[in-house]
Every structure is written in C-alpha cells, then in structure tokens.
Protein chains: 2
Amino acid sequence: MRLILALTTALTVAATGARAEEGMWTFDNFPIARANATLGTSIDQAWLDRVRLSSVRFGGCSAGIVSDAGLVMTNNHCVATCVANLSTQARNYAETGFTPRNREEEAKCPGGTAEILTDISDVTERVRAAAAGKTGLAFNQARDAEIGRIEQEACGTATDKRCQVVTLYRGGQFKLYTYKKYTDVRLAFAPEDRAATFGGDLDNFSFPRFAIDAAFIRLYENDAPAQTPTHFTWNADKPVEGTPVFVAGSPGATQRLLTMDQLATVRDVVLPMDQLIASELRGRLIRFSEESEENAFIAMDPIVGLENTYKRGLGRMRALTDASFMTRRAEAETDFQRRVRGADVEVRGARVEAAPGSVAVQLRSDDPWRALGEVQPIARELYPAMALLEGGTGVGTTSVAGGSQLFAWARTLVRGAQEREKPSSERLPEFGDARLSSVQAALFAERPTYPGLEQVRMEWWLSKTREWLTVDHPAVRGLLGQESPEQLSARLVEGTTLADPAVRRALWEGGLAAIQASDDPMIQYLLSIQDETRAIRADWETRVQAPTDQASERLATARFEAYGDSVYPDATGTLRLTYGLIEGSDVPGQRFGPFTTFAGLWDRATGAAPFDVAPKLLAARDRIDGDAVLNMTVSSDTIGGSSGSPVVTAAGEMVGANFDSTVLTQRNAYGYDRNVNRSVIVTTGAVTVALRDVYDMGRLVEELGAR
Amino acid sequence: MRLILALTTALTVAATGARAEEGMWTFDNFPIARANATLGTSIDQAWLDRVRLSSVRFGGCSAGIVSDAGLVMTNNHCVATCVANLSTQARNYAETGFTPRNREEEAKCPGGTAEILTDISDVTERVRAAAAGKTGLAFNQARDAEIGRIEQEACGTATDKRCQVVTLYRGGQFKLYTYKKYTDVRLAFAPEDRAATFGGDLDNFSFPRFAIDAAFIRLYENDAPAQTPTHFTWNADKPVEGTPVFVAGSPGATQRLLTMDQLATVRDVVLPMDQLIASELRGRLIRFSEESEENAFIAMDPIVGLENTYKRGLGRMRALTDASFMTRRAEAETDFQRRVRGADVEVRGARVEAAPGSVAVQLRSDDPWRALGEVQPIARELYPAMALLEGGTGVGTTSVAGGSQLFAWARTLVRGAQEREKPSSERLPEFGDARLSSVQAALFAERPTYPGLEQVRMEWWLSKTREWLTVDHPAVRGLLGQESPEQLSARLVEGTTLADPAVRRALWEGGLAAIQASDDPMIQYLLSIQDETRAIRADWETRVQAPTDQASERLATARFEAYGDSVYPDATGTLRLTYGLIEGSDVPGQRFGPFTTFAGLWDRATGAAPFDVAPKLLAARDRIDGDAVLNMTVSSDTIGGSSGSPVVTAAGEMVGANFDSTVLTQRNAYGYDRNVNRSVIVTTGAVTVALRDVYDMGRLVEELGAR
C-alpha cells in the first residue's frame, strides 16, 4: 500500500505542510485556489503574470513598477546606500531629501541594478544527473559546474539579462530563473531620512510605526526611461481593515526546512556569535559617529544596516529560546519523520505501512536526519572560522572584514584573477562565466569609501577573528603576523589605492600578472592569506556543506512524498508571492490596531532624535489631514529582503510597500505563526501626501495618476 | 522507614552531592577526612584556622597574608582600580609599575578595605523564626529586618569589624560572619600592567598563560603596618606536578543549586541580554580609548573589567548550550527529585518509601520545583527592567547606569537620605544601621572621575534601557522625558559637582533636607526617578525574589534530607576552601601541561600589543632563568571572585595565587566537572623572580623570607 499522505494536510503543522496564509510561494506553484478560498478573491494566472512582471528586485530589496515610464517604488532604506553614494557632507540628501525637479535631475545610483523575473523553467533533472553517484565535495562541484553551464548557455554574455539557477527546497528542485536586467537605475525621489526613520532603531521592529519609508527609482534603457506598460495601478484610497492583500517580493532567507539538530546549531553557535560581535561593532560605530559631523554622516548608513541585522537576530534568538515555539517545531519534525520513516504512521486513525522501494523505506538505511545530526558537531566547530574568514555559511550574518569595501574589492580582484586562469566549470561558482558581468559591474561602480570607517571595520574584524579563533589558530597567525589589528588595518587602509575605480579596472583587466605585480598592500595582503582562507572554505564545503546538501536533497524528496505540493520552499532571495489581510494584532507583547495616522506622528514626536519630525515634513503639518493613514499592518508571510515589496489588492492595485515587521515576527525565519506574524506597510496614501504636500513632487503624483 | 540517603553518595552527581575535588566549602563544614583521603594529606582543624586567619578579602578579590607586618599578596588585576586611582596620565603606574622604595612610599588605596573572617556562628533558627508563617514580600522584609538586627547587635557602630549574615544553601542556613576590618590598605607593589596582562583579553581564559598577575598590598592599623603573626609561609620552590594544594578565597557566586527551570531563564534571557549589551559597551569603550592617549589611560581599567565579565558570560553561555553538560545537570535534578518526592526511590537496588511527615511527603503538596517553575515567566518578563534600573537580580551582570560612578554616588546619597528617615528595620537592607559605615567609607573615598568616561557609560545605559524596555515603557518615559540619551547624559555629567568628596560628605550629612534642597542635576535626577525605579524593585522582590527565596528554602531542607552534609552551599562571595592537584588538562579543546616558563613568554612575544613584553621585564631577560615556572594550573573548584586566592600546600606554605581559569571552566557556575575545571595560578616562584630580578624590590623579598 502506497503512502498517500498528501491527503492528510489537516494534520500538518507549520514548516511542513502550509495552512491558511502561510507560505512564501514561487510564482510557478502559487496555490491560486486555496488563496481565493481563504481570502474570498478571484485571482487567476493572468493576474499572477502581471504581478510578477510588475515586481522588481533592487539590491537586497523588493520594489514595484508604478508607471509606464519605468517608475518604481521601494523603501527609502533600500535606497539609503544610493543616497549616501550620491551625497557629500556638504550636500547631504539624507538630510534634505532628494527631490529632482525633472527627469533630467534624477541621478544614477552607483552600481545599482534592477531585475524583473521573466521566465522560470525546471532544470532539476539535468542538475541531478550531473551530480548523480558522486559524494562529498565532488558532488557539490559537479552540481555547481552544471549550474554554471546552464546559466551560461541561457544567458551567454548578455548584459541586459541574468540567468540564475535557483536551488529550491534545499536541493529538492532546481529552477532556471531568467531576469530582464537594468544596469541604469536612477534615483527619482527620496524623502528626508528622518521622515522615513522616525523613531529610528528604537521603533524599528515594533508597531505602531510612523514612518514614510518610501522612495522612487526609475529604470533606464539606452539612457532613456524604460517603457513598462505592465505595472501596478496606484491606489491611494484610505485602506480598510480586513482587506485581502498580496505581497510580491524577494524574501531573503528562511530556515523552516532545517531539522531540529540544525536549528540547535543556529541557536547555540551561529546567532550568539553573530549577535555578540555585531553588538560590539555597533558600539564602535556609534562612538565613531559621535566624534565629528563628518563621522556621523559617514556612519549613518552602516549603523542603520547593522542595527537592522542585529534586531533581526535578536528576534530570532527569542524564537529559538521560546519553549512553546520550539515544541511546535519539534512536533512538526516528528510528524514528518513518522510519515516518511514508514513506521508507526497513522493516517486518520489507521496504521499504514510503507511500500517496498518507497522513499520511506530507503530512508531507513540512509537517514537524512541522522546524517544532518552527524554534521552538526563539525559545523559548530568550523562555523567561527568560516563565518569570519569566508562568509557564505548560509546561516550567519557576520560579514568578512567587517564589511570593509576596500577589502571586498581586493578579494574580488585577487580571487577573480586566480579563478579566471581556470576553465569556468572549475572555478569557485561566483566567478563562473555567467556571473562575471555582475561581478564587474559591482567592482567598477563609482562609490565613495571613507578611510576612517574602513579602519573601524578592519580593526574590529581582525580583533574579533583573533579573539574567536584564538591566537594559536594558524589562520590567525597568517592573518596578523607580528602586527596588531590596529597596525595592520592602518597600513592596509592608508596604503591602498583601490578606492580609485580606474585602479580596480586596470587590475581586473590585467589579470593575475597585474595582481601579482601590484604593490598595493591590500592586494598583497589578500594574496598572502588566500591559502589559509581557501582551505577554511574547502574544509567547510567538504565536511559541512556537501553532506548537508546531499541529506537535504533526500529530505526534500521525502517531503514531497509526505506532503505533496502543499509545501513551499524556504526563501532564497528570489521572487515569491504571499497573501494575508490588513489587520492588527492582539497577542501578549503585541497588541495594536492595524493603522497609524499623521496625527499619531505629531503626538509621538519629542523633538529629540530619533523622535524628531523631519523639518520639511513638520513644516507641512498644516497641509496634511491628521486622519490620513500613515502605516498599516498585514498578516502576510514575510521576512527580511521583503523590504519594499509591493502590497497589492486582488484588483492589481498597489496600496503600499512593506518596510518592517515586528520583533516577534522574526520567528518567521523558522516557522509561520498566524497570530503573531505582522508586516508593517507604508501606505500609498501616505506616500501621496508626502509627494504632494511635503516635497513638491507634483510631477510624480501626476505620473502615478494619483487622486 | 526513614530515607537514609546520605549513605548513597556514590550515586550522586555534580550539583547535588559533592564528589572528589568538588566543592567550595565553608570553613565550618570542610570535609577534612575526605580531603585528606583524596589527597593523601593530613590537615586538621588547627591548619584550617590558620588558613582562614591568613586569608583576606580585598574588594571583590581574595588575597593571602605573607608576612607578620601585614603584607598581603593578591592579583595585579585586583589592585588595578587602586593603581588607576593613584595614577595620573603623567604618572601612570600601570605603565611603569608601582615600586615604592620603602614602606613610607606605599600609598593608600582610595576607598580600599580588607577583611579577615574571625568568627562564624549559626543564626538560622533566629532568622527562620522571624519570618515564620509569612509569605510574599512580608516574608523577605521580616527576614531582612531580623538579619539587620543580628548584624547591628553583633557589630554596633564598630569601624574595625564587620558583621554579615550570610545566606547559605539559598536559604537553607543563615550564618553570622564576623570580620576584622582594615580601612587603611596601602599599595606595596604592582608590576608593569603588561607583565600582568601579557596576551591581554585574548589569552584571558585560556592556557597556556604567561602573566605575572600579582601585586602586594599592606594592611595598616593606626597609621602603622598591622601586626599579623598568623600568615602563610612563602615557598618559592619550583612546583611539582601532582602536588595537593588548597585554595582559600571568596568565590563570587555559583548557581549550582538552581533548578533546570531557573537555569533556562539564565540561558534564554539573562545571559543573552547581559552579554549583548556588554558587548556594545565594550565597542564604545574601545573606540573611546582610541581617541586619545588620555582616553586610553582612562578606559584601560574599565575595559579590562568589562572584558573579564564578558568572557565569563561567554563561557557560561557555552555551558548552558552544551547538550551533554545540561543532560548531566538534568539527571542530577531528577535524582534529587526522585529522592525527596519519595516515589520510585531506589537505594542500592531496593525501593524505599518516605516516612509520613517527612520533607519528602510534605513536598508532594507544596512542590518547590513547581513553585520555581511558575516564577520563571514572571522573572523573564521583569528581568530587563530590574537589571537595567536596579541591578541586584542575583543572576545578571548588567550594571546600573553602565557603572557610572557619579550616578552611583547620587543614588547612594538620595536613597540613603530617604531611607535614614525610617527605623533601621524598615529600610532597604543595604541602608540598615549595621551597613552604614561601609556605605559611608565608599561614598567619602577620594577617587577620580572622568567626565568623558561617565558620558559614555550614561549614554550607553540610557539608550540600551530605552531599547530593551521600549519607548512606551513608563519607566523609560520617566527616565528620559523629552531628552535624548546624549542630551540627558551631557546635562547631568557636566552639571554635577559630586566628583568632589566634600560635596558628597556635605550632602550625606545634610540628610534628606540637603538632598531635596540641592540643585545638583544628578541629585535632582535621581530624586525624580525614585518612584519608578523603586516600584520596579518592589515588583521584582514581591513577584520573583520572595517566592524564589521561599521555594529555595524548602529545596535546601529537602537537599539536606536527601544528601546530608555531603552538600556544600552555592558560592556567595564569602570565604571558602577548595582543594585539588597541580595538573594539566587533556580534554577536547583544552590540552596542555601544568606549567609555563619564562622561556615560553619570550617565545610567545610578538612586540605588538597585547603580546609585547613589558619593558622592565624585557630588560631583565638575561637575569632570569628561562626554565623558571611562571604559571601553573590546578584542578581545584573555583569561580570568579577567587582571583588572588592563596594557593597553599598541606604544610601551610603559599605556592601561588589564582588569577584566571579557562573558558571551559566557566561552566563551574552551574556544576563542577573534574576533567575540565582548571584554575590558572601565578606561582610564588615567578613573583619572587619579578621582585628580585625585575623590579628591584629586594626589601619585599627579604620580608617574605624568600630563598
């Protein structure tokens, strides 16, 4: 008797089979019928296609097209780096807002790219076939090489599209995503930063919020605004509680399919280390920013980004140490195990046995949970070195070299030169032929660097690496030699000329010979640490990543067997659609109605940062209807990376953009909780008020067709 | 049949009944016979008395008398605050060492006091009787009032002794400790700071160590060196592996008697918050110290202290997230529960039933584990406010106002004035009559304050309080009003005159009228927040502390019933004796031999801080025998607060002072692990070398009678 368990979804719990509003769905597997049944809507495939083609990925954020001339709305915090790059201390757009009087004044975001997902095709069989029969690192290399070939075949050297093989269900599926790519993205409007960040770090991840966290960019092609006949309709009407909405965006990463053993590693090792060292960097940057006006300007964007990451980690720590949340998670795992192991499985009261040859039976001898359990002690041991020296663990947030831009460029140059000596299929995947144009675009972009900031980042990173790996670790000896973190950072930051894009371009184009001949200390330093850092990465990939990937693939197969297509994949930074209702929250520690208004903003203001109203916004107070809705909350299933996601109605009208979620919502990384999960939205109504009544941006109001 | 379970100690595990070298024993319940049997020694009561009377408590540290003229050895890090207080930027003793040529040059440590435990008497019945029949806050108030009366009766207003009722076994016993007290403590020698801190924060909590973390103070009476005929004999011979040693000191606090529910609160709430915010303060202080030579001087001592606390917390987090450690801890609890609940108890294979009327039977209806379990959700909710605004939670390390000295003085002044209006028995316990002389001594001591440092501390504290309690918390509104943390800190720190000891004395002596009339902004600020902060403390004491204390007392009674006197009390910052062997370690992550030498120091040195050898020490290199032992490890059971503890042989000879322990040893807070626990000791041999060959302190070498 075959296990027909897909029928039993009523028994399932979060993280296995999805219920109600749960799920960050891919556009090629969206549960149209269920969503319509849950919400009382009637969307169809044509609606889905329109929403997908109106949705934009910009940097790590999401965005939505709102006019036929390439105008795109996202969050202000998503353009913060662009604003910082376009600003100087004397002409600080974060302070004044960026309000170009006409399209000609719209300014190009250095290194900014935007993408629209145009096609999805299944390449699972091809990727599987390439790695079949292999184990360990050979498995991953064969898979990565095949992925590189697929991407290269599909996109070649085209600069106006990007091809990406996306790994879904942790290896359960591989899909080729093809994007239309825009490499000329201009800033069309940003408000005063304080209008977008009112309450700052403190109100971040709480509600009520009172923030106009919105900005506009414009897609350009051939030096002209892109023609975008498919776009969302702007609807600035006052929102109504209970309205069904859909949120289209690119949520960054969830870990809902991790086993309990894997989650324990995140809880015990990954999050504590990441959070502790981030907290120290935060302290260093806060003090740095207090030292001068200039430093305050320089550190603003990095502090905001860091605090956002830190707060997210805090919410996650709370979830993983919440006994009742973890109990539910464990129950879900037990349910899954009982189903696929084919022992003691009950379906509606009756015991069912697994069929010979089924996945359930195979798993008895090749148990992925056991395999993943055995990886964890190794992952716990190797994580600090991998996180600090290589990054890319897939679970942590620690940035290599503390996010030093000069270090990152040097690493790209040195590794890029070394890797390009090999055939594409043998390179580190990020330097495969299909990815080189993106690498170059990022490398050649003009963007300012600040030696003081770079010094803080490098010093922190070197000293934390020494502290966490200990002085006697061979990599630490290689990293520091006889120098202190302070001395070494100063020598590298002061001596390097990589801040000049022409220097970077010449080194890139000169290849390995130019790199080896360079006397730039940062380049020489990166060359000198390659053996050690590459060895750490290889160790991680062989002993942690490869066995994890293989076991996860087996788990994914088992999951389809157990739950059918009621399962959605973990978020992977690619386009997803979620749905929910406009509503408030009424659980302990989180009780609020769904809306805030401008009147509430005036009430909350104290005059002292970060509770000071931005000057232009304050000056417009008399022109603004105090009852106009500013922010709202919705129950859709989102996670970091969803920032800027267009919030649309069943009629395809845009009513807001996601910009935040509550601290309790951060548990969303590990499982959806309908009673708790609330995303925070800046409404199109509030944005219209800002454009029309505060920033004199009538030309955009007109372009939006706003009433 | 009565439960005669004390016989079954072979079955017990850490945290319930002690085995082998486990236990921080009080001097009135030291297991002489067992220690002698374990170690092959023959100590007796007279030996114990000599050791007790030769042991000194100094600040939060331990120390040992080593001459008949009041000379006392402790760690250099224990005198760091004294050194900082005696130094100026121009005459920085941390840099040069403090090497007085004669006794007259020995300098008084501002506010320094030292104590010797002269008597212990049991007052359990009296304290119990006072609180009998009471519950909730009334229980704690009655108990605290009786404790205050006992202390007052025993010590009166004497300034040369101190009386302290010590709560042992979390309420299982109350003992009156009487100390001989020295309020004139002078610094007799401190090495260059780097000689004591070689490897700095990085080598801290690891081994091998290469640090001469030793210093000498001298006890004074009537302006003359105290006569101390009872003292340890100085033995500077090369130590031998396997030698039995005893360590006498005042370990700060362990939490071995906490239930698993209580530990989960520490793991999930207390440690993560304390560590995260400490890490940010660390970052702020590091950057502050980099801003100028002056700031580096000012921040050195605070950073060292903070990093020590932080590292300790890190080791504790690792213990509480170590599955095998926690499993052993849980097994110990289960063993205890089975014994005292009188159900399913097996003694050597036979089932025993509890006698009617026994504690075991009583606990069935009044279960302390259940009571403590029910307190935990409340403790989790109230902890952040209590820790940030009041301190004194007994589990956390967060210091109120970030450790601002000016704030602390203001709080003492305001609360002291308010409390002294009431009869002693109705006051907050820390302002009872018996404690006022210590309060005054600390308040009137001359010690420097640094506005820049105070500003960093206050800013950090106010901003973290706002972040963790959220903007909408009533206490936060009261704390900040319409000001930002930066504005408020600046106004208070710049405006206050409390840095002047004469001002503090006048305000103290002027009582409540003077306080209320004061226009000092820090005083006025403290007055303004009393209602809110006192309410938070009362809430904690009523809903967390009182029920915890009552349940813990029941648990303590049950523990004696189950394990007899094979149980030792949790450390409480009072004098204890532990024992072990000189030996290395050979467990994963901790493999080393028992000794390091001066030759090893020269090898490890890089020249870059903190791995630079102190100049005077380096200059003496040729005079020093490279094979001389510098540091060693022993298996005795210690915890923070044991710093400076004399390490003595069965012959009563001092062979070193405890100054560190490994990161893995930090689990000692929750349970002793004989294979892992290693204390790090600076040897008397190394100290003799430093005095004789490096710092030209022959006069002390002579006084010590060193060979």
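Residues numbered from 1 in each chain as written. Chains lettered and ligands numbered in written order. Predicted model: local features only at pLDDT ≥ 70, side-chain atom pairs only at ≥ 80, totals over all residues. Heavy atoms only, no water.

Turning next to the overall build of chain A. A tally of regular secondary structure across chain A gives 24 helices and 22 strands. Expected size for 707 residues packed as a compact globule is a radius of gyration near 27 Å; at 25 Å, chain A falls within 12% of this value. Principal axes of the C-alpha set define a box for chain A whose edges measure 75 × 65 × 45 Å. Counting all 707 residues of chain A, 61% fall into the buried class. Within chain A, contacts between residues at least 6 apart in sequence are counted, and of these 78% link residues at least 24 apart. (Helix = DSSP H or I, 4+ residues; strand = E, 2+ residues; numbered from the N terminus. Rg over C-alpha atoms; globule rule 2.2 N^0.38 Å. Buried < 20%, exposed > 50% of the residue type's maximum accessible area, 1.4 Å probe, protein only. Contact = heavy atoms within 4.5 Å.)

As a further point, take the interface of chain A and chain B. Residue-level contacts link 45 residues of chain A with 45 residues of chain B. Carbon and sulfur atoms make up 52% of the area that chain A and chain B hide from each other, which totals about 3,500 Å². By the criterion of area lost to chain B, the three top residues of chain A are Leu276, Arg287 and Glu467 of chain A, representing 18% of everything that side buries. At the surface where chain A touches chain B, the tally comes to eight salt bridges. (Buried area = accessible area lost by both parts, 1.4 Å probe. Salt bridge = Lys/Arg side-chain N within 4 Å of Asp/Glu carboxyl O.)

Take the packing of aromatic side chains next. Residues and elements named next belong to chain A. Applying the stated criterion across every chain yields a total of 37 aromatic pairs over all chains. Considering the side-chain rings of phenylalanine 246 and tyrosine 579, the 6.3 Å spacing of their centres and the 40° angle between planes classify their relative orientation as tilted. Of this pair, phenylalanine 246 sits in strand S12 (residues 244-249) while tyrosine 579 sits in strand S15 (residues 576-581), and the two are 333 residues apart along the sequence. On the basis of relative accessible area, phenylalanine 246 is assigned to the buried category, the value being 0%. With relative accessibility at 0%, the residue tyrosine 579 sits in the buried group. Put simply, the rings of Phe30, Trp47, Phe246 and Tyr579 pair up and form one aromatic cluster. (Phe/Tyr/Trp six-rings, centres within 6.5 Å; stacked < 30°, edge-to-face > 60°.)

All names here are of chain B. Looking only at helix H15 (residues 436-444), the buried set comprises Leu436, Val439, Leu443 and Phe444. Projected down its long axis, H15 carries its buried residues within an arc of 115°, all on one side. The elements touched by buried residues of H15 are helix H14 (405-420) and helix H19 (501-517). (Arc of directions from axis to C-beta.)

The next point concerns the nonpolar core. One finds Phe407 and Trp461 of chain A together with Phe407 and Trp461 of chain B to be the most contacted residues of the largest nonpolar core, which totals 169 residues. When residues no more than four places from it in sequence are discounted, the contact partners of phenylalanine 407 of chain A are Val400, Ala401, Glu454, Met458, Trp461, Met522, Tyr525, Leu526 and Ile529 of chain A. (Core = buried A, V, L, I, M, F, W, Y, C linked by side-chain atoms within 4.5 Å.)

Turning next to the domain arrangement of chain A. Residue and element names in this part refer to chain A. Looking at chain A, the domain boundaries give domain 1 (31-113 + 183-256 + 569-670 + 679-704) and domain 2 (260-563). With centres defined by C-alpha atoms, the gap from domain 1 to domain 2 works out at 29 Å. On the side of domain 2, 29 residues touch domain 1, which itself brings 26 residues to the contact. Regarding the contact of domain 1 and domain 2, the summed buried area is about 2,400 Å², with carbon and sulfur atoms giving 54% of it. Seen at the junction of domain 1 and domain 2, the total is one salt bridge. The closest approach of N and O atoms between aspartate 322 and arginine 667, which form a salt bridge, is 3.1 Å. At the junction of domain 1 and domain 2, the tally comes to six residue pairs in polar contact (both at pLDDT 80 or more). Those elements giving two or more residues to the side of domain 1 that touches domain 2 turn out to be helix H3 (80-86) and helix H8 (200-203). With four residues, the top contributor of residues to the side of domain 1 that touches domain 2 is H3. (Domains from an automatic or database assignment. Polar contact = N/O pair within 3.5 Å; in protein donor to acceptor, adjacent residues only side chain to side chain.)

A word on the state of the cysteines. All names here are of chain A. In total, this model carries six disulfides over all chains according to the counting rule given. The residue that forms a disulfide with cysteine 82 is cysteine 109, at a sulfur-sulfur distance of 2.0 Å. Looking along the S-S bond of the cysteine 82-cysteine 109 disulfide, the torsion reads about -85°, which is the left-handed sense. Placement of cysteine 82 in helix H3 and of cysteine 109 in the loop between strand S4 (107-108) and strand S5 (114-122) is noted, with a sequence separation of 27 residues between them. Cysteine 109 matches cysteine 82 in its accessibility class, with the two residues each being buried. Sulfur-sulfur distance for the disulfide between cysteine 155 and cysteine 163 comes to 2.1 Å. In this structure, the disulfide formed by cysteine 155 and cysteine 163 twists by about 80° around the S-S bond and is classed as right-handed. Residue cysteine 155 is classed as buried on the basis of its relative accessible area, which comes to 9%. If you count the bonded cysteines of chain A from the N-terminus, they pair up as 1-2, 3-4, 5-6. (Disulfide = S-S within 2.5 Å.)

A word on the relation of the copies chain A and chain B. By a simple turn and slide, chain A fits onto chain B: the slide is 0.1 Å along the axis, the RMSD is 0.1 Å, and the turn is 180°. Considering both components of the superposition, the chain copies are consistent with a two-fold axis. Counting the interface residues of chain A, we find that 100% of their copies in chain B are interface residues as well, pointing to one common contact surface. (Least-squares fit on C-alpha atoms with pLDDT ≥ 70 in both.)

What follows concerns the pattern of salt bridges. Taken as a whole and judged by the stated rule, the model has 108 salt bridges over all chains. Linking aspartate 472 of chain B and arginine 604 of chain A is a salt bridge whose minimum nitrogen-to-oxygen distance equals 3.3 Å. Of this pair, aspartate 472 of chain B sits in the loop between helix H16 (451-469) and helix H17 (474-480) while arginine 604 of chain A sits in helix H21 (residues 598-604), on two different chains. Note on aspartate 472 of chain B: relative accessible area 37%, which makes it partly exposed. The exposure class assigned to arginine 604 of chain A is buried, which follows from its relative accessible area of 16%. As a salt-bridge pair, lysine 180 of chain B and glutamate 221 of chain B come within 2.4 Å of each other at their nearest N and O atoms. One end of the pair, lysine 180 of chain B, is in strand S7 (residues 173-182); the other, glutamate 221 of chain B, is in strand S9 (residues 215-221), with 41 residues separating them in the sequence. Overall, the relative accessible area of 23% leaves lysine 180 of chain B in the partly exposed class.

Glancing now at the environment of glycine 644 of chain A. As for its placement among the helices and strands, glycine 644 of chain A is situated in the loop between strand S19 (629-634) and strand S20 (646-648). Glycine 644 of chain A sits 431 residues away from aspartate 213 of chain A along the chain, and the two C-alpha atoms are 8.8 Å apart.

On to the side chain of glutamate 390 of chain A. By secondary structure assignment, the location of glutamate 390 of chain A is in the loop between helix H13 (368-389) and helix H14 (405-419). Side chain to side chain, glutamate 390 of chain A and arginine 415 of chain A meet in a polar contact 2.5 Å long.

Residue and element names in this part refer to chain B. With respect to the element layout, threonine 649 can be found in the loop between strand S20 (646-648) and strand S21 (653-661). On the accessibility criterion, threonine 649 (11% relative accessible area) is buried. Ignoring any residue separated from it by four or fewer positions in sequence, one finds threonine 649 in contact with Trp47, Pro244, Phe246 and Val655.

To continue, consider the environment of alanine 669 of chain A. Residue and element names in this part refer to chain A. Residue position: alanine 669 is located in the loop between strand S21 (653-661) and strand S22 (679-683). Sequence separation of alanine 669 and threonine 81 is 588 residues, and the distance between their C-alpha atoms is 25 Å. Apart from the residues lying within four places of it in its own chain, the contact partners of alanine 669 are Thr254, Gln255, Arg256, Arg316 and Ile639.

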